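# Remarks on the overall topology
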Amino acid sequence: MANILIKRAYEEPDREDGTRILVDRLWPRGLTKEKAKVDLWLKDVAPSTELRKWFAHDPAKWTEFRSRYLDELKSNNGQVSLLRQEAAKGTVTLVYGAKDQEHNEAVILQRLLSPK
């Protein structure tokens with residue numbers, strides 16, 4: 001299994017990123033497609049709109065958010081399988097827009113996809 005990295009969409013893309021996959025439902029505000037250099041945008045692997053709005057990036061809700069998001073992912077095997085396929089090809093960077101680098105869906109996806 002290849003490296004699975006995470007990176008904020010506003011950070012400078014790097015050759016070491018490998019395949020850059022945006023895992024947000026919404027395109028990062030103020031960022032052009034050229035600057036983002038995203039290879040694949042998997043909107044449907046992101047948390048549902050309802051879950052995203054409920055969480056509102058409140059660290060106090062992190063544990064519950066993580067649990068609910070993992071439940072959503074269980075019923076979204078196609079998108080998770082697609083991520084696994086991309087990761088099997090080589091280095092993948094999960095790109096996200098949130099300011100909080102510890103409490104976002106990319107952190108959860110990275111852990112889910114990484115070998116145990």
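Relevant structure appears above.
Remember, predicted model here, so these are calculated numbers, not experimental data. (Residues numbered from 1 in each chain as written. Predicted model: local features only at pLDDT ≥ 70, side-chain atom pairs only at ≥ 80, totals over all residues. Heavy atoms only, no water.)

## Focus: the sheet that holds strand β1 (residues 4–8)
Reading across from one edge, β1-β4-β2-β3 is the order of the 4 strands in this open sheet, with parallel pairing throughout. With one partner strand each, in any of the chains shown, β1 and β3 (40–41) form the two edges of the open sheet. (Pairing = 2+ DSSP bridges. Helix = DSSP H or I, 4+ residues; strand = E, 2+ residues; numbered from the N terminus.)

## Quick word on empty space enclosed by the protein
Going through the model one piece at a time under the given rule, you end up with 1 cavity of 30 Å³ or more. Volume-wise, the largest cavity comes out at about 30 Å³. If you go around the largest cavity, the residues you meet are A9, Y10, E11, E12, P13, L31 and K35. Split by residue class, the lining of the largest cavity holds 4 nonpolar, no polar and 3 charged. (1 Å grid on protein atoms, 1.4 Å probe; cavity = no way out; pocket = protein on both sides within 12 Å on 5 of 7 lines; lining within 4 Å. Points joined across faces, edges and corners; volume = space filled by probe spheres on them. Nonpolar A, V, L, I, M, F, W, Y, C, P; charged D, E, K, R; others polar.)

## Comments concerning the nonpolar core
The biggest cluster of nonpolar side chains holds 22 residues, and the ones touching the most others in it are V23, V45, F65, Y69, L83, L94 and L109. Elements that contribute at least two residues to this core include exactly α2 (49–55), α3 (62–74), α4 (77–89), β4 (92–96) and α5 (105–113). Dropping the residues within four chain positions of it, Y69 is found in contact with V45, A46, P47, L51, E105, I108 and L109. Counting residues in each nonpolar core, the second largest holds 5 residues, with A9, L22, L31 and A36 among its members. (Core = buried A, V, L, I, M, F, W, Y, C linked by side-chain atoms within 4.5 Å. Buried < 20%, exposed > 50% of the residue type's maximum accessible area, 1.4 Å probe, protein only. Contact = heavy atoms within 4.5 Å.)

## A few points about the packing of α3 against α5
For the pair α3 and α5, the least separation of the axes is 11 Å and the interaxial angle reads 60 degrees. Relative to α5, α3 is oriented oblique. With respect to the hand of their crossing, α3 and α5 are arranged in right-handed fashion. The residues of α5 that touch α3, namely those facing W62, F65, R66, Y69, L70 and L73, are E105, V107, I108, L109, R111 and L112. Its residues assigned to classes, the contact of α3 with α5 shows 9 nonpolar, no polar and 3 charged. (Axes fitted to C-alpha atoms, helices over the stretch in contact; angles between N-to-C directions. Parallel < 35°, antiparallel > 145°, perpendicular 65-115°, else oblique. Left-handed = near helix turned anticlockwise from the far one by under 90°.)

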